[in-house]
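# Reading the structure
Given next are the chains, with one letter for each unit.
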Amino acid sequence: MTRTATPRKPRARSQARIDSILEAARTLLAAEGVASLSIYGVAERASIPPSSVYHFFASVPALLQGLTADVHAAFRACLQVPIDHHRLNHWHDLSRLVEQRMLAIYSQDAAARQLILAQHGLTEVIQADRQHDLELGELLHKLFARHFELPTLPNDVDVFALAMELGDRVYARSVQQHGQITPRMAEEGMRVFDAYLGLYLPPYLPKRESV
């Protein structure tokens, strides 16, 4: 039987170089936007030869895809932070907590706002973002199921991923108009997230006794 090769993790030295490249790109992206990002600019910022950047990221879209994966890793991590089950009285409590954690990432990371919420029209980034949203939706589904007894949900629509994408549309409008997610639009985004989930989750869901 032929085995499929498992991708190897980068060696520590290579990972350190990748991290420095992504950090440089993140800084430039936050300061100048997607349109101004270049391999040579990132190399200069990271104080390494352009060939070293090309070794890991063959193009600017590949670099942006790497950054998008980095941002979504932070979103996944925020879903894995322990939640005090006893403080949840309603599924809306959980949805608000999750959205507040994601909003905190957007607030602290200008690069995340540029990649996911700004209008850049880069197909590679948009596709990468959607794929990561599906993964986040699956994690979010499991998180809700851990704390509440969920009804049967449709198989042809990823309800949780779509709820996040709809909330992001509101946040994106705020970024495009104000350069940031204002408190008012943050509240509206959370309302959109809740409202869409409310089409599939009843007003009251039984809470699990323990997690």
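Residues numbered from 1 in each chain as written. Predicted model: local features only at pLDDT ≥ 70, side-chain atom pairs only at ≥ 80, totals over all residues. Heavy atoms only, no water.

What follows concerns the packing of helix 5 (residues 91-108) against helix 7 (residues 123-147). In the contact formed by helix 5 and helix 7, the axes pass within 11 Å of each other and the chain directions differ by 145°. The two elements helix 5 and helix 7 cross, and the hand of that crossing is right-handed. Across the interface between the two elements, Trp91, Leu94, Ser95 and Val98 of helix 5 pack against Leu140, Leu143, Phe144 and His147 of helix 7. In the contact of helix 5 with helix 7, the residues fall into 6 nonpolar, 2 polar and no charged. (Axes fitted to C-alpha atoms, helices over the stretch in contact; angles between N-to-C directions. Helix = DSSP H or I, 4+ residues; strand = E, 2+ residues; numbered from the N terminus. Left-handed = near helix turned anticlockwise from the far one by under 90°. Contact = heavy atoms within 4.5 Å. Nonpolar A, V, L, I, M, F, W, Y, C, P; charged D, E, K, R; others polar.)

As annotated in UniProt, the feature "DNA-binding region" (unreviewed entry) corresponds to residues 38-57 in the numbering used here. Along residues 38-57 the backbone is 75% helical and 0% strand, and the end-to-end C-alpha distance reaches 11 Å. (UniProt positions renumbered as here; feature names shortened; annotations may be inferred.)

For the rest of this paragraph, the subject is the side chain of Thr68. Note that Thr68 resides in helix 4 (residues 60-80). A distance of 2.8 Å separates a polar side-chain atom of Thr68 from the backbone oxygen of Leu64. Not counting residues up to four positions away in its chain, the partners in contact with Thr68 are Leu115, Val125, Ala128, Asp129 and His132. (Polar contact = N/O pair within 3.5 Å; in protein donor to acceptor, adjacent residues only side chain to side chain.)

On to the pattern of salt bridges. When the charged atoms of two side chains lie near each other, side chains of opposite charge can form a pair. Evaluation of the coordinates by the stated rule reveals 7 salt bridges. Residue Glu187 pairs with Arg96 through a salt bridge whose shortest N-O separation is 2.8 Å. Of this pair, Glu187 sits in helix 9 (residues 183-197) while Arg96 sits in helix 5, and the two are 91 residues apart along the sequence. Taking the relative accessible area as the measure of exposure, Glu187 reaches 31% and is therefore partly exposed. Here Glu138 makes a salt bridge to Lys142, at a shortest N to O gap of 3.6 Å. Of this pair, Glu138 and Lys142 both sit in helix 7, separated by 4 residues, roughly a single helical turn. (Salt bridge = Lys/Arg side-chain N within 4 Å of Asp/Glu carboxyl O. Buried < 20%, exposed > 50% of the residue type's maximum accessible area, 1.4 Å probe, protein only.)

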